[in-house]
Amino acid sequence: MISVLEYLRPEKLDDALHIMGGGEHTPAAGGTDLVLQLRDGRPRKILDLERLGLDFIRNAGDIIEIGSLVTHAAIASNPLIAKSLPVLSRASSLVGSLQIRNRGTVGGNIVNASPCADTVPALLLYDAELVLKSSGGTRTVPLSQFVLGPYRTSLGPGEILHSIICRKAEVSTGWSYIKLGRRQAVNISRMTLATSIFMNGDGKIGSVRISAGSVFPTPSRIPRIERMLVGRTPSQELYRQAANIAADMMIKESGHRWSTPYKKPVLINLLTRALTEAQSKLIAGMVS
Amino acid sequence: MKVRFKLNGKFVMLDLPGVERLIDLLRERLDLVGTKEGCGKGECGACTVLLDGKPVCSCLMLASQIAGHEIVTIEGVAADNRYAHILNAFEETGAVQCGYCSPGMIVSAAALLARNRHPSDNEIKRALAGNLCRCTGYSKIIEAVSRAAERVAQERK
């Protein structure tokens, strides 16, 4: 059983922000993480964000703005996101189970800040920026700076996550999303890799983006190997070389752990596979 | 807090005492004990109900969150003629052993058949991926849903 002192569900954003300004309420989205925390006795006062109209997906030029209350199911079935943010579409379709995807939201996934959050590595590929609102105003923070550590974010007191702004992928971009786990559904990810790749006309790598979940203390891009790959001719050896560097970085940043003898070769193999898969999707796309 | 919602086809108005989970409201106060609590963490799907036609875990929702929405439990599915084929097919194929997962399985199957009249085995597996069974394995359950879908399709001919 749970014991909550107060549950509020305002219908206006200003009212919600005013209540949040009091500093006593915890915002609730789908509840798939929060209700479990409630069973441990906290938080005691809930502000439900459901009625604030934050379940929008807005197409605006070269960006897409996604309201924080959009569910994983809604993202996974949205044709615009499938076309312009394909890695996010794929990541959202693999969250938990249908029951979880029907309630869990992209905003909740970000703010809960689990190291293995499925959507965060995907959003990092699209330079996601977060629109945070409080009664004092609005600020925008890159997702890469928002998550500070496991279950820790820079969300300020009284702030809520309003929406997420993503930069659309270029049309001829190959991509891959790999979620490693013990089974296919209701699976807490052991490791998540998201990549996108764009080739120049000369057959060399024009741009590449790589992000990883459950590798570093927070989900993050790996700019060092992104830079290393640009301008090079793609090959298995090159990808493996990059993956080896990523593995060394993992050990340096996350420390040598009991899981390292497993994670190191797995990261090397999966990242090589992820880059190969992204490249093959690109070639398949060019033919069709 | 006064909450108005639709439950198994009827409008209900309730005064909720602060907050409880949806599953607690259903089982403890409304005596709708067909919905089961397994893991209580959203991993087993025994507590699945339909929220506006979509399967969700009632152990992961606050009761207050259903204000203005429609909930259908296994009792509502069982009373609905459209889904009689699912219940019959579960019996015929032996898809029920201890029975604890069956309500959740059947609710998930009902949601699937409502949106997809000709599901493939893979679509059935994906739709039931959030429902765990620890007795029968899944082949009989998948067979039951597949059989129910065929019958629904035949009837519409």
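Look up a bit, the structure's there.
Figured I'd write up the structure that's included with this text. Nothing here was measured: the structure is a model prediction, and the numbers come from that model. (Residues numbered from 1 in each chain as written. Chains lettered and ligands numbered in written order. Predicted model: local features only at pLDDT ≥ 70, side-chain atom pairs only at ≥ 80, totals over all residues. Heavy atoms only, no water.)

1. Section: helix α3 (residues 84-93) of chain B
Residues three or four positions apart in an α-helix share a direction because the helix packs 3.6 residues into each turn.
Residues and elements named next belong to chain B.
Reasoning step 1: What α3 keeps buried is the set His85, Ile86, Ala89, Phe90 and Thr93. Along α3, the residues classed as buried sweep out an arc of 135° about the axis, all on the same side.
Reasoning step 2: Where α3 is buried, its residues touch α4 (102-115) and α6 (139-156).
Reasoning step 3: After α3 finishes, the residue Gly94 shows a positive phi value of roughly 75°. (Buried < 20%, exposed > 50% of the residue type's maximum accessible area, 1.4 Å probe, protein only. Helix = DSSP H or I, 4+ residues; strand = E, 2+ residues; numbered from the N terminus. Arc of directions from axis to C-beta. Contact = heavy atoms within 4.5 Å.)

2. With respect to the interface of chain B and chain A
Reasoning step 1: The interface of chain B with chain A comprises 34 residues on the first partner and 28 residues on the second.
Reasoning step 2: In total, chain B and chain A occlude about 2,500 Å² of area from one another, counting both sides; carbon and sulfur atoms represent 59% of this.
Reasoning step 3: Where chain B packs against chain A, one counts zero salt bridges.
Reasoning step 4: The interface formed by chain B and chain A includes 11 residue pairs in polar contact (both at pLDDT 80 or more).
Reasoning step 5: For the side of chain B that touches chain A, the element with the highest residue contribution is strand β4 (residues 54-57) of chain B, accounting for four residues.
Reasoning step 6: Here the residues of the side of chain B that touches chain A sort into 14 nonpolar, 11 polar and nine charged. (Buried area = accessible area lost by both parts, 1.4 Å probe. Salt bridge = Lys/Arg side-chain N within 4 Å of Asp/Glu carboxyl O. Polar contact = N/O pair within 3.5 Å; in protein donor to acceptor, adjacent residues only side chain to side chain. Nonpolar A, V, L, I, M, F, W, Y, C, P; charged D, E, K, R; others polar.)

3. Let's talk about the sheet that holds strand β1 (residues 6-8) of chain A
All names here are of chain A.
Reasoning step 1: Here three strands make up an open sheet; going across it, the order is β1-β3-β2 and the pairing parallel. Only two strands of the sheet have a single partner each, and these edge strands are β1 and β2 (26-28). Strand-to-strand twist of the sheet, defined as the mean angle between neighbouring strand axes without regard to direction, takes the value 25°.
Reasoning step 2: Examined bridge by bridge, β1 and strand β3 (residues 45-48) share three bridges and lie parallel to one another. Note that in β3 the partner of Glu6 across the bridge is Lys45. (Pairing = 2+ DSSP bridges. Axes fitted to C-alpha atoms, helices over the stretch in contact; angles between N-to-C directions.)

4. Side note on the sheet that holds strand β11 (residues 174-180) of chain A
All names here are of chain A.
Reasoning step 1: The sheet built from four strands is open, its strands ordered β11-β12-β13-β14 with antiparallel pairing. Of all strands in the sheet, those bounded by a partner on one side alone are β11 and β14 (220-221).
Reasoning step 2: The sheet contact formed by β11 and strand β12 (residues 191-199) spans seven bridges and is antiparallel. Along β12, the bridge assignment pairs Trp175 with Ser196.
Reasoning step 3: Against the sheet, helix α5 (residues 86-93) touches β11 and β12, its axis set at about 20° to β11.

Fair warning: the whole summary comes from geometry, so function is off the table for now.
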